[in-house]
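# Breakdown of the fold
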Amino acid sequence: AYKLGYNVLISNSSGEAEKEEAQIARFRKSGVRGMIIASMTHRYHATPTIRRLLYAGYPFVMVSYNADEDIPFVGSDHELGGYMATEYLIKLGYQRIGYVNGENGNLVGELRRRGYERAHKEYGWRVDRRVMFHLRRRGEKYDYQSGYEIGKRFQRLEVKPDAFFVYNDLSALGFEDAILDQGLRVPDDVAIVGFDDIERGEHAAVPLTTIRQPTDAIGRRAVELLAKLTGGKDCPSRIILKPELIVRKSCVARIKRRA
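Just so it is clear, the model here is predicted, and its values are computed rather than measured.

### Some thoughts on the sheet that holds strand β5 (residues 132–134)
- A sheet is described by the order of its strands in space; here six strands give the open sequence β5-β4-β6-β7-β8-β10, paired in mixed fashion. Unpaired on one side and paired on the other, β5 and β10 (244–246) mark the two borders of the sheet. Going from strand to strand, the sheet's axes swing by 20° on average, the running direction of each strand aside.
- Here strand β6 (residues 163–166) pairs with strand β7 (residues 191–196) via three bridges, running parallel. The partner of Ala-163 across the bridge, within β7, is Ala-191.
- Most of the contacts of helix α6 (residues 169–181) go to β7, to which it runs at about 155°, and overall it touches β6, β7 and β8 (209–212).

What follows is the structure, encoded as structure tokens:
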């Protein structure tokens, strides 16, 4: 943004929809020329506030997922990332792969679930709902603890996966710590793949294999798109970037493979 001659103002809604709407209104009133918005509302479609921006012709770009084709958006292919994580575990030879989703209604977790299920189907595997779980509490600040709670249940599961894809790294790290605290081993007893590639994952007790979102590229492309929109230029309104598999020590190749 600075290279393009723009000054940047940053505001944080702390995940509260009402605060988010108030901040958008305040930025518009203060003469801000355009916005990049990472909304914390867990909806597939634009909120009335976002719709009003669009109808008013106000330049903005979303960097949190939105399914509406007419909403300017730059972000990761979450479904592809879920597919990549699950396919990697399949190719390593794991026999039963569980999925830890976000809380009920979490749209990003649902997109990643679609990738998880698509990998199963393309490899001729049945999707087993008994090994699919939701985090109990809503909000990123609870993700570690919610992942830990699911990890503590692992020993009592009637059907035990030998690998898990966990919808984000914070939950995956909570899950991993719960497994280790029970005297089990990662990846010997259960392998784990997360999503996001946060710094804590690299320095975990067992460094976490994960799907990396191209956050630098998302930020850069979002600013470039916003600059074009503020200049009234015609440009593609949706830019979807491919995530990357980051291999660390929470998974290992298995000899035995499913027939």
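### A closer look at helix α2 (residues 48–55)
- Within α2 the residues assigned to the buried category are Thr-49, Ile-50, Arg-51 and Leu-53.
- The positive-phi residue at the C-terminal boundary of α2 is Gly-57, with phi of around 75°.

### Regarding unusual backbone geometry
- A cis geometry characterises the amide bond from Val-186 onward to Pro-187, with omega recorded as 10°.
- Its place among the elements puts Pro-187 in the loop between α6 and β7.
- A positive phi angle is found at Asp-196, which is not glycine, with a value near 125°.
- A positive phi is found at Asp-197, a non-glycine position, where the angle reads about 60°.

### Topic: the packing of helix α3 (residues 78–92) against helix α4 (residues 107–122)
- In the contact formed by α3 and α4, the axes pass within 7 Å of each other and the chain directions differ by 40°. Here α3 is positioned oblique relative to α4, judged by the angle of their axes. For the pair α3 and α4, the sense of crossing is right-handed. Across the interface between the two elements, His-78, Glu-79, Leu-80, Gly-82, Tyr-83, Thr-86, Glu-87 and Ile-90 of α3 pack against Val-108, Leu-111, Arg-112, Arg-114, Gly-115, Tyr-116, Arg-118, Ala-119, His-120 and Glu-122 of α4.
- Of the residues belonging to the contact of α3 with α4, the class tally is seven nonpolar, five polar and six charged.

### So, the nonpolar core
- Formed by 44 residues in total, the largest nonpolar core has its most connected members in Leu-89, Tyr-94, Ile-97, Phe-164 and Cys-251.
- If we ignore the near neighbours within four places in the chain, the residues touching Leu-89 are Tyr-94, Ile-97, Ala-163, Phe-164, Phe-165, Ala-191, Val-193 and Cys-251.

### Here's the deal with the pattern of salt bridges
- As enumerated under the stated definition, the model contains 18 salt bridges in all.
- Across the salt bridge formed by Arg-129 and Glu-117, the nearest N and O atoms sit 2.5 Å from each other. You can see Arg-129 sitting in the loop between α4 and β5 and its partner Glu-117 sitting in helix α4, a full twelve residues away along the chain.
- Overall, the relative accessible area of 54% leaves Arg-129 in the exposed class.
- The buried category is assigned to Glu-117, whose relative accessible area is 8%.
- Put simply, Glu-110, Arg-113, Glu-117 and Arg-129 are held in one network by salt bridges that share partners.

Cut-offs used in this document
- Residues numbered from 1 in each chain as written.
- Predicted model: local features only at pLDDT ≥ 70, side-chain atom pairs only at ≥ 80, totals over all residues.
- Heavy atoms only, no water.
- Pairing = 2+ DSSP bridges.
- Helix = DSSP H or I, 4+ residues; strand = E, 2+ residues; numbered from the N terminus.
- Axes fitted to C-alpha atoms, helices over the stretch in contact; angles between N-to-C directions.
- Contact = heavy atoms within 4.5 Å.
- Buried < 20%, exposed > 50% of the residue type's maximum accessible area, 1.4 Å probe, protein only.
- Parallel < 35°, antiparallel > 145°, perpendicular 65-115°, else oblique.
- Left-handed = near helix turned anticlockwise from the far one by under 90°.
- Nonpolar A, V, L, I, M, F, W, Y, C, P; charged D, E, K, R; others polar.
- Core = buried A, V, L, I, M, F, W, Y, C linked by side-chain atoms within 4.5 Å.
- Salt bridge = Lys/Arg side-chain N within 4 Å of Asp/Glu carboxyl O.

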